[in-house]
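In case you want the letters, here they are:
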Amino acid sequence: MSLADLTLDRWRSLDPAAAGRLAHEAAAQVGGRVVLLDAVGHLGGTLHRVRIEREGREFALVPGGTVRLGFDVDAWEPTPAQAADYAASVEEGYGYGHEDLKAYLADVLSPPRTATLATVLVAVEDEALTESAADVPAALAARGLRIPGADEWEHACGAGAGTLFRWGNECPLDEPSYGNGRVRHEPNAFGLHIAYDSYGTELSADPTAVHGGDGGEAVCGGYGDLLAWLPLATANRNPSMADFVYGPDGEGMYEEFSTRPVLSLR
C-alpha cells in the first residue's frame, strides 16, 4: 500500500512501531526528518501524531481515505447562550437577513458529505502570501509544494470530529476570537496550528472559499460574539470574504492573506 492510500481508520489502528515506520517512510519521501511522533486521545480512541521537518518548515501527517466533511446543521442545537447572542446580532441588523441561526449556518457552512482524500503532509503553520492569489499555485510548485484543496483543508482542520469547531460545538463567548486565547491555540488532533484567529484568511484551491477566519470582518464590524467566532468553524467557507479576496478590492491586499502548503505523498 502506498502512503497516499493510507486511510485515517487504518492509521488509527496501527501500533506505535508501525506508525513510526510509516512516519520515517514519509519523511524519506520528501527529504525531511521526523521531529515528533506521539499519540493523543481522539474520538474515543488513539491517534498517532507525526511532524516532519523539511527545509525549515514543519509538516503534520494527515491521513485520508473516505472521510466525512461538512456540518450537519439539522442534527445540531445551539446552546441558549449561542441562540441569545445570535438573536442580539439579528436585532442589530446582522446575520444576512436570517432570523434563524440554523438558516444562517446553512448559508455559510459546507454541507455534510463524504470525500475521498489522499494522505498528505500539511504545514503546521500557515504562511503569508508573497504574491497575488492567482500566482500562489505556481510559487508553491517552485518549492515542491502545492495549495490545499478546500476539502483537504477542512479535513485537516476537523480531523473527522464533525463538530462545529475543531474543539467542539461551543465557543467561549466571553473571550475574543482573536489574540492569545487558549482554546484556539492548542494544536488540533493532527498537530496543526489551525483555525486560531478570526483575523486570519487562509486560501485553498477553491476560489469560492476561504478558511480559518474572515480577516476580522465580524469583529471589526461589531457583528456580535457568536458571529465573530463562527469564521473559525471547521466547515465555514466564508463566501462573502472569498468574494472580496478574489475580487478587485482584494487583489492588492494579498499580504493580508495566507495559505497552508501541502506536500503530496506517493
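Read on for a plain summary of the structure. (Residues numbered from 1 in each chain as written. Predicted model: local features only at pLDDT ≥ 70, side-chain atom pairs only at ≥ 80, totals over all residues. Heavy atoms only, no water.)

## Focus on the overall build of the protein chain
And then number 1: Of the regular secondary structure elements, the protein chain holds 10 helices and 11 strands.
And then number 2: Projected onto its principal axes, the C-alpha positions of the protein chain cover 55 × 45 × 30 Å.
And then number 3: In the protein chain, which comprises 266 residues, the proportion classed as buried is 51%.
And then number 4: A separation of at least 24 residues holds for 72% of the contacts in the protein chain among residues at least 6 apart in sequence.
And then number 5: With an accessible surface of roughly 11800 Å², the protein chain has 50% of that area assigned to carbon and sulfur atoms.
And then number 6: Separation of charge centres in the protein chain, based on 19 positive and 40 negative side chains, amounts to 12 Å. (Helix = DSSP H or I, 4+ residues; strand = E, 2+ residues; numbered from the N terminus. Buried < 20%, exposed > 50% of the residue type's maximum accessible area, 1.4 Å probe, protein only. Contact = heavy atoms within 4.5 Å. Areas by Shrake-Rupley, 256 points an atom, 1.4 Å probe, with all protein chains shown as cover. Lys, Arg positive; Asp, Glu negative; His and termini not counted. Charge placed at Lys NZ, Arg CZ, Asp CG, Glu CD.)

## Brief notes about the side chain of glutamate 152
And then number 1: If you trace the backbone, glutamate 152 turns up in helix H6 (residues 150-158).
And then number 2: With relative accessibility at 14%, the residue glutamate 152 sits in the buried group.
And then number 3: In terms of polar contacts, glutamate 152 uses its side chain to reach the backbone amide nitrogen of glycine 149, at 2.9 Å.
And then number 4: For glutamate 152, the residues in contact, after removing those within four places along its chain, are Leu117, Val120 and Arg146. (Polar contact = N/O pair within 3.5 Å; in protein donor to acceptor, adjacent residues only side chain to side chain.)

## Some thoughts on a negative patch on the surface
And then number 1: A contiguous patch of negative charge on the surface is contributed by Glu91, Glu92, Glu99 and Asp100.
And then number 2: Looking at where glutamate 92 falls in the secondary structure, it is placed in the loop between helix H3 (80-91) and helix H4 (101-108). (Patch = residues over 30% accessible without salt bridge, like charges linked within 9 Å, V, L, I, M, F, W, Y side chains within 5 Å. Salt bridge = Lys/Arg side-chain N within 4 Å of Asp/Glu carboxyl O.)

## Description of the sheet that holds strand S10 (residues 258-259)
And then number 1: Strand order in the open sheet made by the 4 strands is S7-S10-S8-S9, with mixed pairing throughout. The outermost strands of the open sheet, each flanked by one partner alone, are strand S7 (127-128) and strand S9 (210-211).
And then number 2: Sheet topology places S7 next to S10; 2 bridges connect them, and they run antiparallel. Residue pairing across strands places alanine 128 opposite serine 258, the latter belonging to S10. (Pairing = 2+ DSSP bridges.)

## Section: the sheet that holds strand S3 (residues 57-62)
And then number 1: With antiparallel pairing, 5 strands are arranged side by side in an open sheet as S1-S2-S3-S6-S11. In the strand order of this sheet, the two ends are held by strand S1 (33-42) and strand S11 (262-264), each with one partner. Each adjacent strand pair in this sheet contributes to an overall mean axis angle of 30°, direction not counted.
And then number 2: Along the sheet, helix H2 (residues 16-30) contacts S1, strand S2 (45-54), strand S6 (120-123) and S11; its crossing angle with S2, the most-contacted strand, is approximately 25°. (Axes fitted to C-alpha atoms, helices over the stretch in contact; angles between N-to-C directions.)

## Examining the environment of isoleucine 52
And then number 1: Relative to the helices and strands, isoleucine 52 resides in strand S2.
And then number 2: Residues isoleucine 52 and glycine 32, 20 residues apart in the sequence, show an inter-C-alpha distance of 6.2 Å.
And then number 3: Sequence-distant contacts of isoleucine 52, defined by excluding residues within four places in its chain, comprise Ala23, Ala26, Ala27, Val30, Gly32, Arg33, Val34, Val35, Arg57, Glu58, Phe59 and Leu121.

## Here we look at unusual backbone geometry
And then number 1: A positive phi is found at glutamate 55, a non-glycine position, where the angle reads about 50°.
And then number 2: Along the polypeptide, glutamate 55 turns up in the loop between S2 and S3.
And then number 3: A residue is classified by how much of its surface remains accessible, and glutamate 55, at 67% relative accessible area, is exposed.
And then number 4: Positioned with a positive phi, tyrosine 96 is a non-glycine residue whose angle comes to about 55°.
And then number 5: Relative to the helices and strands, tyrosine 96 resides in the loop between H3 and H4.

## Some words on the nonpolar core
And then number 1: Core analysis: the largest hydrophobic core is formed by 49 residues, its most contacted members being Trp11, Ile52, Leu121, Leu192 and Leu203.
And then number 2: At 7 residues, the largest contribution of residues to this core is made by H2.
And then number 3: Core analysis: the next-biggest nonpolar cluster, separate from the first, contains 22 residues, Leu101, Leu105, Phe165 and Ala235 among them. (Core = buried A, V, L, I, M, F, W, Y, C linked by side-chain atoms within 4.5 Å.)

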